Amino acid sequence: MRRFAGPVALADRLEKSKAMDKPVRVLAKAVRQRLRPGRLRDLLHGVPLGEPVHPPLATVSLGCWLSTAVLDLAGADPRAARLLLATGLVNALPTAAAGLTDWSSLHREQQRVGFVHMLSNLTALGLFSASLVARVRGSERPGRALSYAGLAVGGLGAYLGGHLAYRQAAGANHAPQVTHLVPLGWHDLCLLRDLPEGRPVARRLGYIQLFVLRRGENVSVLADRCPHLAGPLHQGRLVMENGDPCVVCPWHGSTFRLIDGSVKHGPATAPAPMFETRLRRDGTIQVRPGLT
Ligand code: FES
């Protein structure tokens, strides 16, 4: 029996399609080169907020445009519809900047879907802009028709954005469950003397893989999964950031403080789960999930 290829099946096929890989590669590289690690990039990722800023910003624009259509259908004051339309357009600029920044640090299958999401939204943006121009010139009917078309195309973009967030887990925290998999209390991890000095290694604690770094008798332990897209933190670089020892994820450069796992730089916005440590008299390192 042939199955109906619904929108999810089409989006799944889009993930596997290599047709647009070249422009995807070129654009992602250009964005990463232009937007170097730093305050602006962290702001666009949503690091100060602790979660991505693109989704809530996108909701504002979509809400404005949906409300414009409702006002049009209700025959309300055209000035109110114009105001909402323009508000959505102004808000689309930071929304696009944040989305493009997040997109440039995704993996290829996510970038393919994100690229079509972006093209749909750019088309919608063009239609809404044309609608505003038509309305300002007094052409109300064509202006409304352009808005409806924009909403239809923007709806496709929003659907793909949902696929990206919920099916492909772009923007989700990939390390939150780690501490829940470890029973409460202290657990033996390994002997201190078995850890190399100043070089991160991976150690297992039940189902969980941990990032472990020894410096003298101090041992820093984090979940080894990067919260951004689950990169292996023990393969990362060690750096100092404003006097804090940190680890830089080898995949997209998220930087976490060793002392508490907090995010110094994105694209990750959620902290790396941290484990408290203590040293037993026989030289065994014990760990338990940290409170931060
Ligand atoms: S997996 Fe992307 S920064 Fe770590």
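Residues numbered from 1 in each chain as written. Predicted model: local features only at pLDDT ≥ 70, side-chain atom pairs only at ≥ 80, totals over all residues. Heavy atoms only, no water.

- By the naming in an unreviewed UniProt entry, the protein chain goes by (2Fe-2S)-binding protein and is assigned to Nonomuraea aridisoli.

A closer look at the pattern of salt bridges
Turning to step 1, where the next piece is worked out: Throughout the structure, instances matching the rule amount to 14 salt bridges.
Turning to step 2, where the next piece is worked out: Note that Lys 16 and Glu 109 form a salt bridge whose closest N and O atoms lie 3.1 Å from each other. Here Lys 16 is found in helix H1 (residues 7-16), whereas its partner Glu 109 is found in helix H6 (residues 108-136), with 93 residues between them in sequence.
Turning to step 3, where the next piece is worked out: For Glu 109, a relative accessible area of 28% gives the class partly exposed.
Turning to step 4, where the next piece is worked out: Asp 188 serves as the salt-bridge partner of Arg 280, at 3.4 Å between the closest nitrogen and oxygen. (Salt bridge = Lys/Arg side-chain N within 4 Å of Asp/Glu carboxyl O. Helix = DSSP H or I, 4+ residues; strand = E, 2+ residues; numbered from the N terminus. Buried < 20%, exposed > 50% of the residue type's maximum accessible area, 1.4 Å probe, protein only.)

Here we look at the sheet that holds strand S1 (residues 187-191)
Turning to step 1, where the next piece is worked out: Spatially, the 6 strands line up as an open sheet ordered S1-S10-S9-S4-S3-S2, and their pairing is antiparallel. The sheet terminates laterally at S1 and strand S2 (201-205), the two strands that pair on one side only. Averaged over all neighbouring strand pairs, the angle between strand axes comes to 35°, with direction disregarded.
Turning to step 2, where the next piece is worked out: Across 4 bridges, S1 lies against strand S10 (residues 284-289) in antiparallel orientation. By the bridge assignment, Cys 190 is partnered in S10 with Ile 285. (Pairing = 2+ DSSP bridges. Axes fitted to C-alpha atoms, helices over the stretch in contact; angles between N-to-C directions.)

Some points on H6
Turning to step 1, where the next piece is worked out: Under the 1.5 Å per step criterion, the end-to-end length of H6 is 41 Å for 29 residues, consistent within 8% with the ideal 42 Å.
Turning to step 2, where the next piece is worked out: The positive-phi residue at the C-terminal boundary of H6 is Gly 138, with phi of around 95°. (Expected span 1.5 Å × (residues − 1).)

Quick look at the domain arrangement of the protein chain
The accessible area lost on association of the parts is a frequent measure of interface size.
Turning to step 1, where the next piece is worked out: Taken domain by domain, the protein chain consists of domain 1 (7-167) and domain 2 (178-289).
Turning to step 2, where the next piece is worked out: Here the C-alpha centroids of domain 1 and domain 2 sit 37 Å apart.
Turning to step 3, where the next piece is worked out: Across the contact, 12 residues belong to domain 1 and 11 residues belong to domain 2.
Turning to step 4, where the next piece is worked out: Summing both partners gives a buried area of about 790 Å² for domain 1 against domain 2, and 56% of it is carried by carbon and sulfur.
Turning to step 5, where the next piece is worked out: Of all residues in domain 1, Asp 42, Val 47 and Ser 105 bury the most surface against domain 2, accounting for 47% of the area lost on that side.
Turning to step 6, where the next piece is worked out: Our count for the contact surface shared by domain 1 and domain 2 stands at 0 salt bridges.
Turning to step 7, where the next piece is worked out: Scanning the region where domain 1 abuts domain 2 turns up 4 residue pairs in polar contact (both at pLDDT 80 or more).
Turning to step 8, where the next piece is worked out: Looking at the side of domain 1 that touches domain 2 element by element, the count peaks at 3 residues for helix H3 (residues 39-45). (Domains from an automatic or database assignment. Contact = heavy atoms within 4.5 Å. Buried area = accessible area lost by both parts, 1.4 Å probe. Polar contact = N/O pair within 3.5 Å; in protein donor to acceptor, adjacent residues only side chain to side chain.)

Remarks on the packing of H6 against helix H7 (residues 140-167)
Axes are the key here: two packed helices are described by the angle between their axes and the distance separating the axes.
Turning to step 1, where the next piece is worked out: Where H6 contacts H7, the two axes come as close as 8 Å, and the packing angle between them is 165°. If you check the angle between H6 and H7, you find them roughly antiparallel. You can see that H6 and H7 cross each other, and the crossing is left-handed. (Parallel < 35°, antiparallel > 145°, perpendicular 65-115°, else oblique. Left-handed = near helix turned anticlockwise from the far one by under 90°.)

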